[in-house]
Amino acid sequence: MAGEGSVRLSRARTIVARAQTDRRGEHDAVMRQGVPAVGRIGRCPTTSAPKSVDGRSPSSSAGRAPDPGKAASSRLDRSAADVKRAQRSPSWRPLHASRRARATHPGALAGFSIIIMTMTADRPVAPASREEAAVRLLAQQTFSRVAGAPLIEGNAVELLIDGRANFDAWLAAIRAARTSILLENYIFDDDALCREFRDALAERAAGGVRVCVIRDWLGCLGKSRDHIWRALRMVGGEVRTYNPFSVTSPFGWVSRDHRKLLVVDSEVGFVSGVCISKEWLGDPARGMAAWRDTGIALRGPAVRDLAVAFADNWAGLGDGLPAQLSILRETPPSAGDTAVRVVATLPSTAGLYRLDQMLTALARRTLWLTDAYFIGTSPYVQGLAAAARDGVDVRLLVPGSSDLPVVGALSRTGYRSLLAAGVRVYEWNGTMLHAKSAVVDGRWARVGSSNLNIASWMGNCELDVAFEDEAFARRMEAQYEEDLRGATEVVLRSRRRGHAKGSGPSAGSGGAAAGALRLANTVGAAITNRRVLGSSEAGILLGGAMVLLATAGVALYWPRALAWPLAALALWSAFGVGARYIRVVRRARSRRRAAPS
């Protein structure tokens, strides 16, 4: 099988190479007539008829004399025929001019179109040949490498909406556990709900079930203390804290374990954005609705990948899980027909970020996002804007009022550029929107713990499940449309924007943080000359100049006011690095002593 797969990949690369060669010749001939060849490549999101860049049908462009047999092999003809069949579909239309203008090579784009059409056509197309199947395999390999996660088939998935549905399913699974319970969460709040979970875990640990819990130090700071787990530890349960503050690592606390994961036996795994706190249930007595959040229950072979992700984090905090644990030793049997990828992100890795970026480029019809703390990076925001300009229905649903006002204010600073590009932004009218999900073209979906910001993409331990399944994606689309009924759309109104009532930028720290971010962006652009500044930014430039002058004055007249904090920080960092050096040397010596001679 491995040999056959290698042959298929080799043949796929040959097809793409030949496509590039043929398109180069065709492109040169067509460009001499003044018609861009890339107008032949299209996507299928709407009901408009096929058109080239100049508005004419691709088959009727003036002076064009198509000759598909000129240099292409019969294998390439069969692959190109599938693209042409899609073009003849009444739902086909060409790429938007802005995307065509960014195409760097028509041959590369032609080879790429074959991959996309076989992966994301509106309806499945049976491979016309072994070579086409190999191209599809190559595309699947691309997704796997970008996400850092293989495609796992044979799973069953259940969508769980809001805290109560998730909590009830988690507790039922815990109370039915027979061999192991692996629980990892960012926040454990010291309230009645958390104590109910602790007691359920302790009861199963007393019955001989292996119970392992990972809590995040920063997430639980001010929420709960380690002593609440005493009852669980007394009956054999284990609880570890991720990345507690240490004087030897001044900035180590920045990296957090933001996962929300539960794996019970080899039966079921749960992934969501839900923390173990009664906040998710709301407070009916005070008129506070439950928080809006999304989770899933997963059964099948992918459950083992969830357990492996937990085991990797667990081993980083002490001794690893025993190899004989059933979920690590055996892969659960098939439970359904849903294909998924388990994207387990660690600090300084970016599997989900690469996948999110790729999907903004591949989306053809819809790209619907829900996020609790959206602060997109420039490349990602540009990707969303480019998709919207190409006619993709890009929507972003965010909280109207956030539990972290600073983040909410920072998120709003990015609205204008998105709205100007055609992205539709909605603010949730309820208490708090905490879901992190996406659905693309009714074929691909994601649910998990990752927010659309640099902390989740690069700094934290996160866990998401990506689905390549039309039935589940349709359920996600239906839920998204239901959520929009409880949201208000943000619109541009000259220099002001409309938004949900009561959801305006909060005062205090939130407004200050948003102002500081805008000040830094504008002053940075002025210093580096990286973009043209508008007249509306003149006041910000003046403010930035005053701040810089004040800083220079302090440095000239009271140098110690700047030197002492910098010296203290350098001394602390030096102490931390030295302590780390001693620890590494001692560990290396211990390993040498333990190694057989």
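For the structure, check the block above.
These numbers were taken from a predicted model, which means no experiment stands behind them. (Residues numbered from 1 in each chain as written. Predicted model: local features only at pLDDT ≥ 70, side-chain atom pairs only at ≥ 80, totals over all residues. Heavy atoms only, no water.)

Student: Summarise the overall build of the protein chain; cite the residues concerned and give the values.
Tutor: Summing up its helical and strand segments, the protein chain has 20 helices and 18 strands in all. Counting across all 597 residues of the protein chain, residues that qualify as buried make up 47%. Accessible surface, the protein chain: about 28300 Å² in total, of which carbon and sulfur atoms supply 58%. (Helix = DSSP H or I, 4+ residues; strand = E, 2+ residues; numbered from the N terminus. Buried < 20%, exposed > 50% of the residue type's maximum accessible area, 1.4 Å probe, protein only. Areas by Shrake-Rupley, 256 points an atom, 1.4 Å probe, with all protein chains shown as cover.)

Student: How would you summarise the packing of helix α6 (residues 162-175) against helix α7 (residues 192-206) if you had to cite specific residues and measurements?
Tutor: Running from N to C, α6 and α7 cross one another at 20 degrees; their axes reach a closest spacing of 9 Å. By the angle between their directions, the pair α6 and α7 is classed as roughly parallel. Crossing of α6 against α7: the hand is left-handed. Contact with α6, carried on its side by F167, W170, L171, I174 and R175, involves L193, E196, F197, A200, L201 and R204 of α7 and no other residues of that element. Class assignment for the residues of the contact of α6 with α7 results in eight nonpolar, no polar and three charged. (Axes fitted to C-alpha atoms, helices over the stretch in contact; angles between N-to-C directions. Parallel < 35°, antiparallel > 145°, perpendicular 65-115°, else oblique. Left-handed = near helix turned anticlockwise from the far one by under 90°. Contact = heavy atoms within 4.5 Å. Nonpolar A, V, L, I, M, F, W, Y, C, P; charged D, E, K, R; others polar.)

Student: Residue-level account of the side chain of D469, with values.
Tutor: Take D469: it is sitting in the loop between β16 (462-468) and α17 (470-484). Buried charge without a salt bridge: D469, with R475 as the nearest opposite-charge side chain at an N-O distance of 5.3 Å. There is a polar contact of 3.3 Å between the side chain of D469 and the backbone nitrogen of A471. Reaching out from D469, the side chain makes a polar contact with the backbone nitrogen of F472 at a distance of 2.8 Å. Residues in contact with D469, not counting those within four places in the same chain, are D337, T338 and R443. (Lys, Arg positive; Asp, Glu negative; His and termini not counted. Salt bridge = Lys/Arg side-chain N within 4 Å of Asp/Glu carboxyl O. Polar contact = N/O pair within 3.5 Å; in protein donor to acceptor, adjacent residues only side chain to side chain.)

Student: Can you explain the pattern of salt bridges? Please cite residues and give values.
Tutor: Per the stated rule, a full pass over the model turns up 26 salt bridges. The partner of E482 in a salt bridge is R485, and the shortest N-O contact between them spans 2.6 Å. We classify E482 as partly exposed; its relative accessible area is 43%. Through salt bridges with shared partners, a single network forms among D162, R292 and D483.

Student: So what's going on with the packing of aromatic side chains? Which residues, and what values?
Tutor: For the structure shown, the criterion picks out 12 aromatic pairs. Each ring, one from W170 and one from F197, has its centre 6.1 Å from the other, and the planes form 70 degrees; the classification is edge-to-face. Of this pair, W170 sits in helix α6 while F197 sits in helix α7, placing them 27 residues apart in sequence. As far as the burial class goes, W170 and F197 line up, both buried. Judged by centre distance (5.7 Å) and plane angle (20 degrees), the rings of F310 and W314 are stacked. Separated by four residues within a single helix, F310 and W314 lie in helix α10 (residues 302-315), roughly one turn from each other. In this structure F310 comes out as buried when scored by relative accessible area, which is 0%. A connected cluster of aromatic rings, assembled from ring pairs, spans F167, W170 and F197. (Phe/Tyr/Trp six-rings, centres within 6.5 Å; stacked < 30°, edge-to-face > 60°.)

Student: I'd love a proper account of the pairing of β16, names of residues and values included.
Tutor: Along β16, six of the seven residues are buried, which leaves the element largely enclosed by surrounding structure. The pairing of strand β10 (residues 338-345) with β16 spans six bridges and is classified as antiparallel. By the bridge assignment, V343 is partnered in β16 with D464. Here strand β15 (residues 444-448) pairs with β16 via five bridges, running antiparallel. By the bridge assignment for β16, W444 is matched with E468. (Pairing = 2+ DSSP bridges.)

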